[in-house]
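Results of the structural survey
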Amino acid sequence: MSFDSTPRVLSIQSHVVHGYVGNKSAVFPLQVLGFEVDFINTVQFSTHTGYKHIKGNVLQNEEMDALIEGLTINEVDYYTHFLTGYSRSPDSLKKIAEIIKKLRQKNPNLVYVCDPVMGDNGKMYVPEDILPVYRDIVVPLADILTPNQFEAELITGIQVKDIDGAFKAILALHDKGVKTVVLSSTDLGDERSMIGLASSGGLCYKIQIPKLDATFTGTGDLFAALFLAWSHKTNNDLKLTLERTISTLQHIVQDTYQSARDIQQTGKIPCALIELRLVQNKAAIEDPQVNISAVQVTKLS
């Protein structure tokens with residue numbers, strides 16, 4: 001079966017009934033930006049795990065096999081992009097590797113965007129035996145990798161204490177075969193901003209990301225989806241892709257934060273008030289106003 005020129009994404013991530021993480025955070029922005037999105041939900045939970053009570057179920061590997069088989073035998077398994085986020089187990093991650101190889105048989109030019117979700121702030125929130133599967137099997141298959149600082153340290157074994165350390169980790173990821181490496185957030189900024197880094201084809205850009213007094217869930221999933229979209233729409237212009245991704249993200253989190261603070265002026269904001277306001281910011285997703293510039297930096301070689 002042949003398809004039109006519309007880019008087509010298969011996204012395999014978690015799903016929540018209420019709120020915005022995983023596929024709920026990624027699918028809508030991709031659709032708004034003109035992508036056809038097929039998605040498989042690795043889990044279906046009532047809410048994300050920051051809430052007190054979590055109900056739902058996990059997709060078993062044989063169930064994922066059946067879904068992929070259905071796409072294949074109906075000849076609708078042609079995709080231009082493949083996007084993955086949270087995986088719950090080494091076996092499910094190995095299954096992802098099998099799927100990417102199968103999809104590339106149909107389209108050798110398929111772009112795989114991998115967000116290697118393992119943890120943050122020095123703590124893993126997935127089983128430790130997922131790490132070697134990412135490091136040795138999945139990461140080498142990725143075209144674009146979007147780890148945070150902690151995840152980059154886990155995959156490479158290189159501690160990132162300064163920009164030079166970040167460059168060493170980025171080069172180690174390139175050495176694994178990844179064309180574009182984006183450290184979506186690092187601790188290398190100051191009390192007012194975080195630093196993001198993106199590297200591809202010998203170019204490296206740094207961008208400062210303003211901090212807010214709140215913790216948001218689903219921003220990493222949104223980041224990976226936006227980066228996929230803008231990489232395609234800008235013909236892999238790294239600077240523009242990074243700027244449009246971060247500007248969109250910042251607009252959404254600032255609006256989400258302000259809306260929450262309008263309701264609760266002080267103290268820690270509860271989960272229910274700080275769910276990303278994606279629908280309300282559809283216009284900003286479609287046409288982001290770039291107000292944060294990326295600066296080219298020289299990395300180690």
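Scope of this entry: the structure provided in the associated data block. Remember, it's a predicted structure, so these values are computed and weren't measured experimentally. (Residues numbered from 1 in each chain as written. Predicted model: local features only at pLDDT ≥ 70, side-chain atom pairs only at ≥ 80, totals over all residues. Heavy atoms only, no water.)

A few points about the state of the cysteines
- Here the structure, examined in full by the defined rule, presents zero disulfides.
- You can see Cys-114 has no disulfide; the closest cysteine sulfur is in Cys-204, sitting 19 Å from it.
- In this structure Cys-114 comes out as buried when scored by relative accessible area, which is 0%.
- Given the relative accessible area of 1%, Cys-204 is considered buried. (Disulfide = S-S within 2.5 Å. Buried < 20%, exposed > 50% of the residue type's maximum accessible area, 1.4 Å probe, protein only.)

What to know about empty space enclosed by the protein
- Under the definition given, this model contains one cavity of 30 Å³ or more.
- Forming the walls of the largest cavity are Ile-68, Leu-71, Thr-72, Asp-77, Lys-102 and Leu-103.
- Mapped by element, the contributors of at least two residues to the lining of the largest cavity are α2 (61-73) and α3 (90-106).
- Sorting elements by how many residues they give to the lining of the largest cavity places α2 first, with three residues.
- Grouping the constituent residues of the lining of the largest cavity by class yields three nonpolar, one polar and two charged. (1 Å grid on protein atoms, 1.4 Å probe; cavity = no way out; pocket = protein on both sides within 12 Å on 5 of 7 lines; lining within 4 Å. Points joined across faces, edges and corners; volume = space filled by probe spheres on them. Helix = DSSP H or I, 4+ residues; strand = E, 2+ residues; numbered from the N terminus. Nonpolar A, V, L, I, M, F, W, Y, C, P; charged D, E, K, R; others polar.)

A short note on the layout of surface pockets
- Considering only enclosed or pocket space, the second largest pocket measures out at about 350 Å³ in volume.
- Around the second largest pocket sit 20 residues that line it, and Val-111, Ile-144, Thr-180, Ser-231 and Asn-236 are the ones nearest its centre.
- Counting only elements with at least two residues in the lining of the second largest pocket, the list comes to α7 (219-233) and α8 (238-263).
- Partitioning the lining of the second largest pocket into residue classes produces seven nonpolar, 10 polar and three charged.

Overview of the pattern of salt bridges
- All chains considered together, the criterion is met by 10 salt bridges.
- A salt bridge links Asp-143 to Lys-179; the nearest nitrogen and oxygen atoms lie 2.6 Å apart. You can see Asp-143 sitting in the loop between α4 (131-138) and β8 (144-145) and its partner Lys-179 sitting in the loop between α6 (163-175) and β9 (180-186), a full 36 residues away along the chain.
- Asp-143 gets classed as buried once you look at its relative accessible area, which sits at 10%.
- One continuous salt-bridge network, built from bridges that share partners, spans Asp-65, Lys-95 and Glu-98. (Salt bridge = Lys/Arg side-chain N within 4 Å of Asp/Glu carboxyl O.)

A few points about the pairing of β9
- With respect to burial, β9 is a largely interior element, seven of its seven residues being buried.
- Both β8 and β9 contribute to a ladder of two bridges, which runs parallel. Across the sheet, residue Ile-144 finds its bridge partner in β9, namely Thr-180.
- Bridge count between β9 and strand β10 (residues 193-200): five bridges; the pairing is antiparallel. For Val-182, the partnering residue across the bridge sits in β10 and is Ala-198.
- From the end of β9 to the start of β10, which pair antiparallel, there are six residues. (Pairing = 2+ DSSP bridges.)

Here's the deal with helix α1 (residues 23-32)
- With seven of 10 residues buried, α1 lies mostly within the body of the structure.
- Considered for burial, the residues of α1 that qualify are Asn-23, Ser-25, Ala-26, Val-27, Pro-29, Leu-30 and Val-32.
- Buried-residue contacts for α1 involve β1 (8-16), β2 (36-45), β4 (81-84), α7 and α9 (282-286).
- After α1 finishes, the residue Gly-34 shows a positive phi value of roughly 95 degrees. (Contact = heavy atoms within 4.5 Å.)

Some points on the nonpolar core
- If you look at the biggest cluster of nonpolar residues, it comprises 45 residues, and the most contacted ones within it are Leu-10, Ile-12, Phe-82, Ile-99, Tyr-112, Met-118 and Tyr-134.
- The element best represented in this core is α3, accounting for six residues.
- Dropping the residues within four chain positions of it, Tyr-134 is found in contact with Gly-85, Ser-87, Leu-93, Cys-114, Asp-115, Pro-116, Val-117, Met-118, Val-139 and Pro-140.
- If you look at the next biggest cluster of nonpolar residues, it comprises 41 residues, including Phe-223, Leu-242, Ala-260 and Leu-276. (Core = buried A, V, L, I, M, F, W, Y, C linked by side-chain atoms within 4.5 Å.)

Details of the sheet that holds strand β12 (residues 295-296)
- Ordered by their spatial adjacency, 10 strands build an open sheet running β3-β2-β1-β4-β5-β8-β9-β10-β11-β12, and the pairing between neighbours is mixed. The open sheet has two edge strands with one neighbour each: β3 (56-58) and β12.
- Here eight bridges tie β10 to strand β11 (residues 203-210), and the two strands are oriented antiparallel to one another. Residue pairing in the sheet places Ser-200 in a bridge with Leu-203 of β11.
- The strands touched by α6 are β8, β9, β10 and β11; relative to β10, the strand with the most contacts, the crossing angle is about 35 degrees.
- Relative to the sheet, α8 contacts β9, β10 and β11, its axis offset from that of β11 by approximately 15 degrees. (Axes fitted to C-alpha atoms, helices over the stretch in contact; angles between N-to-C directions.)

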